[in-house]
Amino acid sequence: MTFDPDRALALARETLDIEAAALHGLRERLDARFAQAVTRMLGVRGRVVVMGMGKSGHIGRKIAATLASTGTPAMFVHPAEASHGDLGMIKAVDLVLAISNSGESDELTAILPVLKRLGVPLIAITGGLDSALARHADVVLDSSVTKEACPLNLAPTASTTAQLALGDALAVALLDARGFRAEDFARSHPGGALGRRLLTHVSDVMRTGDAVPRVGPDTPFVDLMREMSAKGLGASAIVDAEGRVLGIFTDGDLRRLVEKGVDLRALTASQVMHPQPRTIRADALAAEAAALMESNRITSVLVVDADGRLCGALNSNDLMRAKVI
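These figures come from a predicted structure and were not determined experimentally.

What counts as what
Residues numbered from 1 in each chain as written. Predicted model: local features only at pLDDT ≥ 70, side-chain atom pairs only at ≥ 80, totals over all residues. Heavy atoms only, no water. Helix = DSSP H or I, 4+ residues; strand = E, 2+ residues; numbered from the N terminus. Rg over C-alpha atoms; globule rule 2.2 N^0.38 Å. Buried < 20%, exposed > 50% of the residue type's maximum accessible area, 1.4 Å probe, protein only. Contact = heavy atoms within 4.5 Å. Lys, Arg positive; Asp, Glu negative; His and termini not counted. Charge placed at Lys NZ, Arg CZ, Asp CG, Glu CD. Pairing = 2+ DSSP bridges. Axes fitted to C-alpha atoms, helices over the stretch in contact; angles between N-to-C directions. Parallel < 35°, antiparallel > 145°, perpendicular 65-115°, else oblique. Left-handed = near helix turned anticlockwise from the far one by under 90°. Nonpolar A, V, L, I, M, F, W, Y, C, P; charged D, E, K, R; others polar. Right-handed = clockwise from strand over helix to strand, strands pointing away. Salt bridge = Lys/Arg side-chain N within 4 Å of Asp/Glu carboxyl O.

(A) Molecular detail of the overall build of the protein. When its secondary structure is counted, the protein shows 15 helices and twelve strands. Relative to a compact globule of 325 residues, whose C-alpha radius of gyration would be 20 Å, the protein shows 30 Å and is clearly more extended. Counting only C-alpha atoms, the protein reaches 90 × 55 × 35 Å along its principal axes. A burial count over the protein gives 44% of its 325 residues as buried. Partitioning the contacts of the protein with sequence separation of at least 6, the portion at a separation of at least 24 is 64%. Separation between the mean location of the 36 positive side-chain charges and that of the 38 negative ones in the protein comes to 2 Å.

What follows is the structure in structure tokens.
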């Protein structure tokens, strides 16, 4: 078989056009039944149990995962396995979201009477509006498409795109109704980049105690440099007798003074420090510290308490090690 790059590109564009048209049609058909589905899912005391066979099952697994990660307890149950014991996972307090393009999947229709006897609410996502699934459902969401993107009009393509989009629409409406926030999303994704950015606080990554370089305002310049070198932060805080931050001296400040030819040996910390430096609180998000450094083009920031007393410090390397940046 000879590969034709031009034909492949044409088919790709046609596929996207067909699936885009399917989604546009889906949007135009949305009505009060969608709101009813959201209301029922909001009111469920148990979990949303998503079911589907074949390609619809793959879509169902993704929808269940999206729901669970956005505040709606959900799980996927395979219809065929449900007929062999897994139906015991479903309780009367749950709600079933069943997905089938035809609505006549044997594995799904076999368990519909059992679900009815259990009194489990049933929402259907189907293109078969006169199907067994649609007749048994309490709410039917129409996912029908004019044609599949497959040139043979056989492989589930546009129909599964429509199912997935409807699932995403349900998840978005539900998270909005629940007042779901970015912080809530982060709590269910602690291992991801967003989780690190929204769950990591300055107090989790900052240097504390003796690891924080600090000197008094009258400290000779030589001793200031010894403190900076010993602590390896690339900066040192200058504090008063009560520990309040007066200023900061950084490696960058040193380079600038050397470039000017200043005789540093006779100077004190107060004479070379940068007064009123940028600071941050320990309870701030580490991502805020990263933003502060980026916006002010600095690599270190001092951490202070409510009274301006030094309680920690961190630099960009600390944030990189914590994978905040």
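Having put the structure on the table, let's press on.
(B) Structural detail: the sheet that holds strand β5 (residues 139-142). The five strands are arranged β2-β1-β3-β4-β5 in an open sheet whose pairing can be described as parallel. Edge positions in the sheet fall to β2 (74-76) and β5, since each has one partner strand and no second. Along the sheet, successive strands turn relative to each other by an average axial angle of 20°, direction set aside. Where strand β3 (residues 95-100) and strand β4 (residues 122-126) come together, five bridges link them in parallel fashion.

(C) Representation of the packing of helix α1 (residues 5-29) against helix α7 (residues 158-177) within the structure. Axis separation between α1 and α7 bottoms out at 9 Å; the angle between their running directions is 45°. Our classification of the angle between α1 and α7 gives oblique. The element α1 and its partner α7 pack so that their crossing is right-handed. From α1, Ile18, Glu19, Ala22, Leu23 and Leu26 reach across to α7, where they touch Ala158, Thr161, Ala162, Ala165 and Leu166. Per-class residue counts for the contact of α1 with α7 are eight nonpolar, one polar and one charged.

(D) Representation of the pairing of strand β1 (residues 48-52) in the model. For β1, the buried fraction is high: five of the five residues fall into the buried class. Burial along β1 is two-sided: Val48, Val50 and Gly52 facing one way and Val49 and Met51 facing the other are all buried. Note on the crossover from β1 through helix α3 (residues 54-69) to β2: the handedness is right-handed. With five bridges joining them, β1 and β3 adopt parallel strand pairing. Residue pairing for β3: Val48 is matched across the bridge by Leu95.

(E) View of the pattern of salt bridges. Counted under the stated rule, the structure contains 14 salt bridges. Arg256 is paired through a salt bridge with Asp253; the nearest N and O atoms lie 2.8 Å apart. Of this pair, Arg256 and Asp253 both sit in helix α12 (residues 251-260), three residues apart, which is roughly one turn of that helix. Each of the salt bridges in this network shares a partner with another, and the network as a whole consists of Arg207, Asp318 and Arg321.

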